[in-house]
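# A closer look at the structure
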Amino acid sequence: MLLYILRRLLYAIPIALAVSAVCFSLVYLAPGDPVNALLPADATPDVIQRLKKDYGFDQPIPIQYLRWLGRAATGTWALPS
């Protein structure tokens, strides 16, 4: 019985990673830029660039995913100040 439970837990790890990757990718599959959705239409390019840097959208997608996964695993959804 213990072996069965351990095996099921080991199967859950790749499934959880796959589900998290799908959830993360929904941000990029949605139309538009997530930063532009937060800002008014008359925002300056400097403000847009700063917000992209603050949210980490200037990083490569694998780095963004790992940071997102770390925040999701710890429950830290707020941006570091």
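All of the points below concern the structure found in this document. All figures in this text were calculated on a predicted structure; none of them were measured in a lab.

Now for the overall build of the chain. Scanning the chain from terminus to terminus reveals four helices and zero strands. In sequence order, the chain lays out its α and β elements as α-α-α-α. In terms of overall size, the chain is more extended than a compact globule, its C-alpha atoms giving a radius of gyration of 17 Å where 81 residues would be expected to give roughly 12 Å. The principal-axis extents of the C-alpha atoms in the chain amount to approximately 60 × 30 × 20 Å. By the burial criterion, 12% of the 81 residues in the chain qualify as buried. When contacts within the chain are restricted to residue pairs at least 6 apart in sequence, those whose partners lie at least 24 apart make up 46%. Counting every atom, the chain has about 6,600 Å² of accessible surface; 69% of that belongs to carbon and sulfur.

Before going further, it helps to examine the pattern of salt bridges. Scanning the entire structure with this criterion turns up one salt bridge. The salt bridge partner of D54 is R50, with a shortest N-O separation of 4.0 Å. Of this pair, D54 and R50 both sit in helix α3 (residues 45-55), separated by four residues, roughly a single helical turn.

This brings us to the packing of aromatic side chains. Scanning the entire structure with this criterion turns up five aromatic pairs. Measuring from centroid to centroid gives 5.7 Å for F24 and W68, while their planes differ by 55°, and the two rings are tilted. Highlighted residues: F24 in helix α1 (residues 2-29) and W68 in helix α4 (residues 61-74), separated in sequence by 44 residues. Each member of the pair, F24 as well as W68, carries the same accessibility label: buried. On the basis of an interplanar angle of 25° and a centroid distance of 6.2 Å, the ring pair of Y65 and W68 is categorised as stacked.

The next point concerns the packing of α1 against α4. Relative orientation of the contacting elements α1 and α4 amounts to 120°, with a least axis distance of 11 Å. Here α1 is positioned oblique relative to α4, judged by the angle of their axes. Crossing of α1 over α4 shows right-handed handedness. On α4, the residues that touch L17, S20, A21, C23, F24 and Y28 of α1 are I61, Q64, Y65, W68 and L69.

Moving on: the side chain of Q64. Structurally, Q64 can be placed in helix α4. Residue class for Q64 comes out buried when judged on its relative accessible area of 8%. Those residues within four positions of Q64 in sequence are excluded, and the remaining contacts are F24, Y28, G56, F57 and Q59.

Definitions and limits used
- Residues numbered from 1 in each chain as written.
- Predicted model: local features only at pLDDT ≥ 70, side-chain atom pairs only at ≥ 80, totals over all residues.
- Heavy atoms only, no water.
- Helix = DSSP H or I, 4+ residues; strand = E, 2+ residues; numbered from the N terminus.
- Rg over C-alpha atoms; globule rule 2.2 N^0.38 Å.
- Buried < 20%, exposed > 50% of the residue type's maximum accessible area, 1.4 Å probe, protein only.
- Contact = heavy atoms within 4.5 Å.
- Areas by Shrake-Rupley, 256 points an atom, 1.4 Å probe, with all protein chains shown as cover.
- Salt bridge = Lys/Arg side-chain N within 4 Å of Asp/Glu carboxyl O.
- Phe/Tyr/Trp six-rings, centres within 6.5 Å; stacked < 30°, edge-to-face > 60°.
- Axes fitted to C-alpha atoms, helices over the stretch in contact; angles between N-to-C directions.
- Parallel < 35°, antiparallel > 145°, perpendicular 65-115°, else oblique.
- Left-handed = near helix turned anticlockwise from the far one by under 90°.

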